[in-house]
Structures are given as structure tokens and as C-alpha cells.
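Okay, here's what each chain looks like letter by letter:
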Amino acid sequence: MSIRHGLLALLEPGPRYGSQLRSEFESRTGATWPLNVGQVYTTLGRLERDGMVAQDGEDEAGHTLYVITDKGRAELRQWFAAPVDRSSPPRDELAIKLAMAVGTPGVDIRSVIQSQRRHSVKAMQDYTRLKAQALTAIESGGSQERDDVAWLLVLEQLIFQTEAEARWLDHCEMRLTRLSAAVRQDPPPAAPPAPSPAPDRTSASGRRTGPA
């Protein structure tokens, strides 16, 4: 998650102070990725060091205000224009968990899948309920319509992501079932029988006539 670029986007309309930026970030994203004030001010410090924001005095309450610079605007435009890089995907705990469960003694991987599926379905129901609330707020034409639209986009991404996760879990379970069936149907070939020793034949005189 790019806190850096998110703060630049929030500064584009005008000056803001740290806790104000945090509140607006969480309002825009529905607090899906909560920030603390320390993260905000640390990021602002780095942006100021890089020449992308600058301090712009204080408000009436004594809060230090920050404004975006031309360099910051250029960085923001570049961020919006560039696609999100998928060549180095972030670590996914569920994928790692299932990968580690394969072959781990005492772990029932199907039980792990079923437990996760129940959780995913519950999450999808919660997201769908929140989506309905966001749509109602948008249709009412409230003063925070912009933030409600932004929150709706985030919710729909979470819904699609959770639906994809549920389908992947179904696929994993089916894959394991097929592999188990294949193992049962194709037992390992039996070892070939050992060759029988050549018979030891002797003549009537007691002399050996078979191979030495």
C-alpha cells in the first residue's frame, strides 16, 4: 500500500495537517487500511526531504500545514499513470499456509480449506452489507458523497477478491481430491520376481551334468 502517494493525492486540493490527512485517508478507504499519526508524520518527513511537500505555516489551532510541491504533483501524476506492478506479488498468508500444509504430518489440509472457506463466505456477506449501506448513502446525496464513492470502490474490490479466494479454495479441494484418486488407482508397480536358480542335475554315476 502506498501511503506516500495517498498523502500526495490528499494534499492536491490544498494544505492539510497530519491528523487531518489520517482522517481523510481512512474516510476515503473506509478505514480498511488504518493509519496512525506516527506513520503519517514519518511519511510527510520523507516527502519533505525529497522535495515533494513543504511546510506552509500553521492553522489557527497551531497545526503545521503541508502543501504539495510541483515535484510532488509530477510524482503523483506518474503514479496515477503507471500500472500497479504485479511482477513481484506480495506474500499471501493463505497461499503460504496451504503450501506448507501439503505433506506436513498431522495436518488435515481439507479441514484448513473448509475453515478458510467459512471465513471467506462470512467476510463476503459483511462486505456486501457494507456495500448496500454505501450505495444508500450515495443515493441520499449526502455531503460526503465523494468519500462514499471511494469507499464503494474499495468494498467492491474486496468483494471480488474474496469471491476469487473462495473459487480458488474450491479448486484446491478439487485438485487434492483428484490427486488422491489418482494415487489410489495407480499403485506402484510390483518389483519383478527374482530369477530362479538353474537346476543342479547329476548323472546316474553321480557326476554333475548341470552348469558349474
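Since the structure is predicted, the reported quantities are computational estimates derived from the model, not experimental observations. (Residues numbered from 1 in each chain as written. Predicted model: local features only at pLDDT ≥ 70, side-chain atom pairs only at ≥ 80, totals over all residues. Heavy atoms only, no water.)

Our focus in this paragraph is the nonpolar core. Residues Leu 7, Leu 8, Leu 11, Leu 21 and Leu 44 are the most contacted members of the largest nonpolar core, which totals 16 residues. Looking at this core, the elements that each hand over two or more residues are helix H1 (3–11), helix H2 (18–29), helix H3 (37–49) and strand E2 (64–68). Ranked by residues supplied to this core, first place goes to H1 with five residues. In this view, Leu 7 contacts Leu 21, Val 40, Thr 43, Leu 44 and Leu 47; residues no more than four positions away in its chain are not counted. (Core = buried A, V, L, I, M, F, W, Y, C linked by side-chain atoms within 4.5 Å. Buried < 20%, exposed > 50% of the residue type's maximum accessible area, 1.4 Å probe, protein only. Helix = DSSP H or I, 4+ residues; strand = E, 2+ residues; numbered from the N terminus. Contact = heavy atoms within 4.5 Å.)

Before going further, it helps to examine the environment of Asp 56. Position of Asp 56 relative to the elements: it lies in strand E1 (residues 53–58). Spatially, the C-alpha atom of Asp 56 lies 6.3 Å from that of Val 67, the residues being 11 residues apart in sequence. Setting aside residues up to four positions removed in sequence, Asp 56 forms contacts with Pro 15, Leu 65 and Val 67.

Positive phi, close to 60°, is recorded for Ala 31, a residue that is not glycine. Assignment of secondary structure puts Ala 31 in the loop between H2 and H3.

Further remarks concern the pattern of salt bridges. Throughout the structure, instances matching the rule amount to 12 salt bridges. Salt-bridge contacts for Arg 77 lead to Glu 12; the nearest nitrogen and oxygen are separated by 3.0 Å. Residue Arg 77 is found in helix H4 (residues 70–81), and its partner Glu 12 is found in the loop between H1 and H2; the two are separated by 65 residues along the sequence. With its nearest N and O atoms 3.1 Å apart, the salt bridge here joins Arg 49 to Asp 50. Judged by its relative accessible area of 61%, Arg 49 falls in the exposed class. With relative accessibility at 21%, the residue Asp 50 sits in the partly exposed group. Through salt bridges with shared partners, one network takes in Glu 12, Asp 70, Arg 73 and Arg 77. (Salt bridge = Lys/Arg side-chain N within 4 Å of Asp/Glu carboxyl O.)

We now examine the packing of helix H5 (residues 93–101) against helix H6 (residues 109–139). Close contact between H5 and H6 brings their axes to 9 Å; oriented N to C, the two are set at 160°. Taken together, the axis directions place H5 and H6 in an arrangement best described as roughly antiparallel. Here the hand of the crossing between H5 and H6 comes out right-handed. Residues Leu 94, Lys 97, Leu 98 and Ala 101 of H5 form the contact with H6, whose participating residues are Ile 109, Val 112, Ile 113 and Gln 116. Split by residue class, the contact of H5 with H6 holds six nonpolar, one polar and one charged. (Axes fitted to C-alpha atoms, helices over the stretch in contact; angles between N-to-C directions. Parallel < 35°, antiparallel > 145°, perpendicular 65-115°, else oblique. Left-handed = near helix turned anticlockwise from the far one by under 90°. Nonpolar A, V, L, I, M, F, W, Y, C, P; charged D, E, K, R; others polar.)

Two numbers describe how H2 lies on H3: the axes approach to 9 Å, and their chain directions differ by 115°. As summarised for this structure, H2 and H3 are arranged roughly perpendicular, according to the angle between their axes. Between H2 and H3 lies a crossing of right-handed hand. Here Gly 18, Ser 19, Leu 21 and Arg 22 of H2 lie close against H3, whose contacting residues are Val 37, Val 40, Tyr 41 and Leu 44. Residue composition of the contact of H2 with H3, grouped by class: five nonpolar, two polar and one charged.

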